[in-house]
Amino acid sequence: MGEHLPILQVILPLIAAPVCLLVRHGAVCWLIATLVSWLCLAIAVLLLMQALDGGTIRYQLGSWVAPWGIEYVVDRLNGFILVIVAAVGAVVAPYALRSVAEELPERQIGLFYVLYLLCLSGLLGITITGDAFNVFVFLEISSLSSYALISMGRHRKALHAAYQYLVMGTIGATFFLIGVGLLYLMTGTLNMADLAEQLKPLAGSRIVLAAFGFIVVGMGLKLAVFPLHLWLPNAYAHAPSAVSVFLAGTATKVSLYVVLRFIFTVFGFEFSFAGQPFGPALLILAIAGIVVCSLVAIYQDDVKRLLAWSSVAQIGYMLLGLSFATALGLQAGLLHIFNHAIMKAGLFLAMGCVFLRLGSCRLEAIAGVGRQMPWTMAGFLLCGLSLIGVPLTAGFVSKWYLVLAALEKGWWPVAALIVLTSLLAVVYVWKVVEAAWFREPPGTAGRVGEAPLVMLVPLWIVVAANIWFGFETSGSVDVAKAAALALMGAVE
Amino acid sequence: MWQTFLGLYNYWIVILLMMAGFYIVMSRHNLVKKLIGLNIFQSAVFLFYISVGKVRGGTAPIVEEGITSYSNPLPHVLILTAIVVGVATVSLGLALVVRLKEAYGTIEEDEINEMDAAG
């Protein structure tokens, strides 16, 4: 059983999805989805522990030997990402029960869990596979299901957002497909480890360079790198609350993982950073993204949209760590992937609770809600502090390492910029806090109660994680460090 | 020079189709036309994979007496998967367009944008 964990990780949700489709009953599907999500988390934790102890796990699908067969590979990096994805899934699934029942028409509830499970299995598949083409297949499984999930939003704008995401996402995935095709053309292999070997003598090739461009730009679209982010704010703002939480915590992180995997493992550090000005280009895009999108976030009057713009800015911090091209920078970027997943999931969870009671997340609608839903908004505040990077929260740890990495490179203006842009986060988090606590509720609104326990408990688990990983930094920092060193070490 | 240019004609067709499709996606406001552009763009990539796998003078990859040279079946099989994905994408896209038409009464993106901006 233990040796088959890598395949179980993907295939459990993949099999549970059609089972849910046959059952169709909302509550039963919810039960299946929740159990499967928790099992996936348990498997992901076991895999990460194995990878940390014993090194890389390789699993040959159907015993077809790599590089001909498809193999699943779990090392420190993707073990870490698997845990993030599965953990967000495990928090969202129980939370979805009330949130989805409220926001979706009854006949769609069973289908929601089918799509959720497909999306989960796609994201886990992208992360675990060691085959370049397999990444594309899982990418499309997760993408197609997320387009449908987003379109389930209550407002008709959700349909438009889903359509825009479908067009942009398909262009991104097709770019990725072209890149993989070019690599196959040059090497005759699709296995990532084998590709890395075969590409070494081809470092000067224009075609490999073109493949690099297509893959990075294609995944950049899915990752919402500034300026390819235009689909993201609408998609997150209009999707059902549970979907916003799930996608904000997982989808862009997994895309970033694919970028990391390709530039470090497949193309190699030398090719990616030494042979071309990839680091500086990324640095400029990251900084532009952080500044512009933080400023845009300040001017939003819908909290979910505000958080979505802030997500694009936070992706900038992750890329900033990567653009330093040092082990410390990479470690900071990886830490921020994890920390951002928990802080943004927490913020969207809190907004889902507010949406459940008020039916809106606009700033004027949530006026005074802090006194009516104290637990929800306290959770929002704590996650907001983490987003800003206040000491003793998880967000502080990754910002700290980012500043350290910038100083290590001697780039003190970048370090100053990280601190300054955190002040922009103070502004937009404060806007929500001010509305929730210091404004009178609109006259028309009656009193609303606290969110149900089944939603508050997941929220507070995430809030506790934000605090825990702010105090007890050794766990997340060590794993990120091990993953960063493994990536850098693989090339030296 | 001229020989190599013409000899690579399959790639020129791929590039032409790809850019035509990409241009349609970006320039058209009609949601259905956008999807058609997207489909042409994807189809160009399918053609690319298929022509990469072709071996000149090779037959289909069948185990048979006397067959020594055959086309590489792997890209063809890969692209079969991508074609299925393409069909799924276009059908999901068209389903969304139907829903958009019901919700907004139009399939012109600029009109939808106006209605979105109005609230």
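Since we're looking at a predicted model, the values are computed, not measured.

Draft legend 1. Summary view of the overall build of chain A. Looking only at helices and strands, one finds 20 helices and two strands in chain A. Over its C-alpha trace chain A gives a radius of gyration of 21 Å, about what one expects of a compact globule, namely 23 Å for 492 residues. Taken over the C-alpha atoms alone, chain A extends approximately 70 × 55 × 40 Å along its principal axes. Buried positions account for 63% of the 492 residues belonging to chain A. A separation of at least 24 residues holds for 79% of the contacts in chain A among residues at least 6 apart in sequence.

Draft legend 2. Spotlight on the overall build of chain B. Of regular secondary structure, chain B possesses five helices and zero strands. When the helices and strands of chain B are listed from N to C terminus, the series reads α-α-α-α-α. Taking 2.2 N^0.38 as the reference for a compact globule, 119 residues should give roughly 14 Å; the C-alpha atoms of chain B span a radius of gyration of 20 Å, well beyond that estimate. The proportion of buried residues among the 119 residues of chain B is 24%.

Draft legend 3. Fine view of the nonpolar core. Residues and elements named next belong to chain A. If you look at the biggest cluster of nonpolar residues, it comprises 235 residues, and the most contacted ones within it are Ala-33 and Leu-117. Ranked by residue count, the leading element in this core is helix H14 (residues 327-358), at 20 residues. Apart from the residues within four sequence positions on either side, Ala-33 is in contact with Ala-16, Cys-20, Ala-93, Tyr-113, Tyr-116 and Leu-117.

Draft legend 4. Broad picture of the packing of H14 of chain A against helix H17 (residues 394-408) of chain A. Residues and elements named next belong to chain A. Where H14 contacts H17, the two axes come as close as 8 Å, and the packing angle between them is 160 degrees. Judged on the interaxial angle alone, H17 and H14 are roughly antiparallel. The element H14 and its partner H17 pack so that their crossing is left-handed. Across the interface between the two elements, Leu-328, Gly-329, Gln-331, Ala-332, Leu-335, His-336, Asn-339, Ile-342 and Met-343 of H14 pack against Ala-394, Gly-395, Val-397, Ser-398, Tyr-401, Leu-402, Leu-404, Ala-405 and Glu-408 of H17. Here the contact of H14 with H17 is built from residues that sort into eleven nonpolar, six polar and one charged.

Draft legend 5. Expanded view of the environment of Thr-376 of chain A. Residues and elements named next belong to chain A. The topology assignment puts Thr-376 in helix H16 (residues 374-388). As for Thr-376 and Val-403, which are separated by 27 residues in sequence, their C-alpha atoms are 31 Å apart. Contacts of Thr-376, omitting those with residues within four sequence positions, involve Ala-350, Cys-353, Val-354, Glu-450, Ala-451, Leu-456 and Leu-459.

Draft legend 6. Fine view of the interface of chain B and chain A. Contact with chain B, which involves 26 residues of that partner, is made by 23 residues of chain A. For the side of chain B that touches chain A, the secondary structure elements donating two or more residues are helix H3 (31-53), helix H4 (73-104) and helix H5 (109-118) of chain B. Counting residues per element, the side of chain B that touches chain A draws most heavily on H4 of chain B, at 14 residues. Grouping the constituent residues of the side of chain B that touches chain A by class yields 19 nonpolar, four polar and three charged.

Draft legend 7. Main features of the packing of helix H3 (residues 76-103) of chain A against helix H10 (residues 241-266) of chain A. All names here are of chain A. For the pair H3 and H10, the least separation of the axes is 7 Å and the interaxial angle reads 165 degrees. Taken together, the axes of H3 and H10 lie roughly antiparallel to each other. Note that H3 runs across H10; the crossing there is left-handed. The residue inventory of the contact of H3 with H10, partitioned by class, reads 15 nonpolar, six polar and two charged.

Draft legend 8. Fine view of helix H12 (residues 278-298) of chain A. All names here are of chain A. Across its 21 residues, H12 extends 30 Å between first and last C-alpha, which sits within 8% of the 30 Å expected from 1.5 Å per residue. Among the residues of H12, Phe-278, Leu-282, Ala-286, Ile-287, Gly-289, Ile-290, Cys-293, Ser-294 and Ala-297 are the ones counted as buried. Within H12, the buried residues cover an arc of 160 degrees as seen down the axis, which keeps them to one side. For H12, the exposed residues lying more than 90 degrees away from the buried face are Pro-280 and Ala-281. Of the surrounding secondary structure, the elements contacted by the buried residues of H12 are helix H11 (269-274), helix H13 (303-323) and helix H18 (412-438).

Draft legend 9. Highlighting unusual backbone geometry. All names here are of chain A. A cis amide bond, omega 0 degrees, links Phe-226 with the succeeding residue Pro-227. Summarising the element assignment, Pro-227 is placed in the loop between helix H8 (206-223) and helix H9 (231-238). With a phi close to 60 degrees, Ser-63 is a non-glycine residue in the positive phi region. Relative to the elements of secondary structure, Ser-63 occurs in the loop between strand S1 (57-60) and strand S2 (71-74). The phi angle at Leu-392 is positive, at roughly 75 degrees, despite the residue not being glycine. Residue placement: Leu-392 occurs in the loop between H16 and H17.

Draft legend 10. Representation of H9 of chain A within the structure. Residue and element names in this part refer to chain A. Taken across its eight residues, H9 has eight buried, putting it largely inside the fold. The complete set of buried residues in H9 reads Trp-231, Leu-232, Pro-233, Asn-234, Ala-235, Tyr-236, Ala-237 and His-238. Of the surrounding elements, those touching the buried residues of H9 are helix H5 (132-151), helix H6 (157-187), H10 and H13.

Draft legend 11. Inspection of the pairing of S2 of chain A at higher detail. Residues and elements named next belong to chain A. Along S2, one buried face is formed by Glu-71 and Val-73 and the opposite face, lined by Tyr-72 and Val-74, is buried too. Of the strand pairs in this sheet, S1 and S2 are connected by four bridges, and their pairing is antiparallel. When the bridges of S2 are listed, Arg-58 appears paired with Val-73.

Draft legend 12. Quick look at the environment of Leu-320 of chain A. On the secondary structure map, Leu-320 of chain A appears in helix H13. Take Leu-320 of chain A: there are 27 C-beta atoms within 10 Å of it, and that puts it in the buried class.

Draft legend 13. Representation of the confidence of the model for chain B within the structure. With 99% of its residues at a pLDDT of at least 70, chain B reaches an overall mean of 89. Scored as a complex, the prediction yields pTM 0.92 and ipTM 0.94.

Draft legend 14. Spatial organisation of the environment of Gly-220 of chain A. All names here are of chain A. Within the secondary structure layout, Gly-220 lies in helix H8. Along the sequence, Gly-220 and Met-168 sit 52 residues apart, while their C-alpha atoms lie 11 Å from each other. Other than its neighbours up to four places away in sequence, Gly-220 contacts Val-225 and Leu-228.

About the thresholds
Residues numbered from 1 in each chain as written. Chains lettered and ligands numbered in written order. Predicted model: local features only at pLDDT ≥ 70, side-chain atom pairs only at ≥ 80, totals over all residues. Helix = DSSP H or I, 4+ residues; strand = E, 2+ residues; numbered from the N terminus. Rg over C-alpha atoms; globule rule 2.2 N^0.38 Å. Buried ≥ 20, exposed ≤ 12 C-beta atoms within 10 Å, placed from the backbone. Contact = placed C-beta atoms within 7 Å. Core = buried A, V, L, I, M, F, W, Y, C linked by C-beta atoms within 7 Å. Axes fitted to C-alpha atoms, helices over the stretch in contact; angles between N-to-C directions. Parallel < 35°, antiparallel > 145°, perpendicular 65-115°, else oblique. Left-handed = near helix turned anticlockwise from the far one by under 90°. Nonpolar A, V, L, I, M, F, W, Y, C, P; charged D, E, K, R; others polar. Expected span 1.5 Å × (residues − 1). Arc of directions from axis to C-beta. Pairing = 2+ DSSP bridges. pLDDT = per-residue confidence, 0-100.

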